[in-house]
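Residue-level listing of the chains:
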Amino acid sequence: MKAGHTLILESYPFSFWCEKMTESELKHFKYHNEAFLMSQTFMQAEMYYESGQYEKAIEYYDIYVEQNRGKRFEDTYIEGAYLGLGKSYYGLKDYIKALEYFDRGRELYKAKGSWDTEYHMLEFFEGMGNVYCVYGEGKIALDYYKRCERIHDTYAHANDDPG
């Protein structure tokens, strides 16, 4: 460090930069900081789900959805939160709500039109198949499971060497 330069350390990382940022830089920083905090909320929900704490998972998925309300849906992962909500409600045996969230997430993912949309439908279709299976609707459940199988086969062999 050269003589005459002062290094200021504060409890909030990067806060000393905020005073010297342009308005545009500050807006960009706040946007990324907010995105980081939202991703932390999503990860917390995922951890609660994985540990079987479905009520807490639902609480955090709902917070994530609320944090993203009004944002461009291309910049969010609300469909992932809906998948988590569906799986959490399934874990609580609230199959009607599980099906509702599986369907909402599937529709949102389809609307995004990502190149890998079909592949990501696997989890939604599997969840919907599971719900219909519990309801004794084997034919409908089987239809969803067959969709999963077709998608899985398509992507499982995509990198196979033809020769």
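So, how was this worked out
Residues numbered from 1 in each chain as written. Predicted model: local features only at pLDDT ≥ 70, side-chain atom pairs only at ≥ 80, totals over all residues. Heavy atoms only, no water. Helix = DSSP H or I, 4+ residues; strand = E, 2+ residues; numbered from the N terminus. Expected span 1.5 Å × (residues − 1). Buried < 20%, exposed > 50% of the residue type's maximum accessible area, 1.4 Å probe, protein only. Contact = heavy atoms within 4.5 Å. Phe/Tyr/Trp six-rings, centres within 6.5 Å; stacked < 30°, edge-to-face > 60°. Polar contact = N/O pair within 3.5 Å; in protein donor to acceptor, adjacent residues only side chain to side chain.

Help me get a handle on helix α4 (residues 78–91), residues and values and all.
For α4, built from 14 residues, the straight-helix expectation of 20 Å at 1.5 Å per residue is met to within 8% by its first-to-last C-alpha distance of 20 Å. Where burial is concerned, most of α4 is hidden: eleven out of the 14 residues are buried. Among all positions of α4, only I78, E79, G80, A81, Y82, L83, G84, L85, G86, S88 and Y89 are buried. K93, located one to two residues past α4, shows a positive phi value of around 65°.

An account of unusual backbone geometry is requested, with residue identities and associated values reported.
A positive phi is found at K93, a non-glycine position, where the angle reads about 65°. Structurally, K93 can be placed in the loop between α4 and α5 (95–112).

So what about the environment of Y119? Which residues, and what values?
By the secondary structure assignment, Y119 is in helix α6 (residues 117–134). Residue classification places Y119 among the partly exposed positions, given a relative accessible area of 39%. Taking the C-alpha atoms as reference points, Y119 and T154, 35 residues apart in sequence, are found 8.8 Å from one another. Apart from the residues lying within four places of it in its own chain, the contact partners of Y119 are I151 and Y155.

So what about the packing of aromatic side chains? Which residues, and what values?
Geometry of an aromatic ring pair is reported as the spacing of the ring centres plus the angle between the planes. For the structure shown, the criterion picks out twelve aromatic pairs. Ring centres 5.8 Å apart and planes at 40° place the aromatic pair F125 and Y144 in the tilted group. Separated by 19 residues along the polypeptide, F125 in helix α6 and Y144 in helix α7 (residues 138–156) bring together distant segments of the chain. Looking at F125, the relative accessible area reads 9%, which means it is buried. The exposure class assigned to Y144 is buried, which follows from its relative accessible area of 12%. Among the aromatic residues, those joined into a ring-pair cluster are F42, Y61, Y64 and Y77.

Describe in detail the side chain of R106, supporting the description with residues and values.
Along the chain, R106 turns up in helix α5. A polar contact is formed between the side chain of R106 and the side chain of E107, at a distance of 3.0 Å.

For the environment of V131, give the residues involved together with the corresponding values.
Looking at where V131 falls in the secondary structure, it is placed in helix α6. Residues V131 and D94, spaced 37 residues apart in sequence, show a C-alpha to C-alpha distance of 9.5 Å. If we skip the residues at most four places from it in the chain, V131 touches Y90, Y95, A98, L99 and F102.

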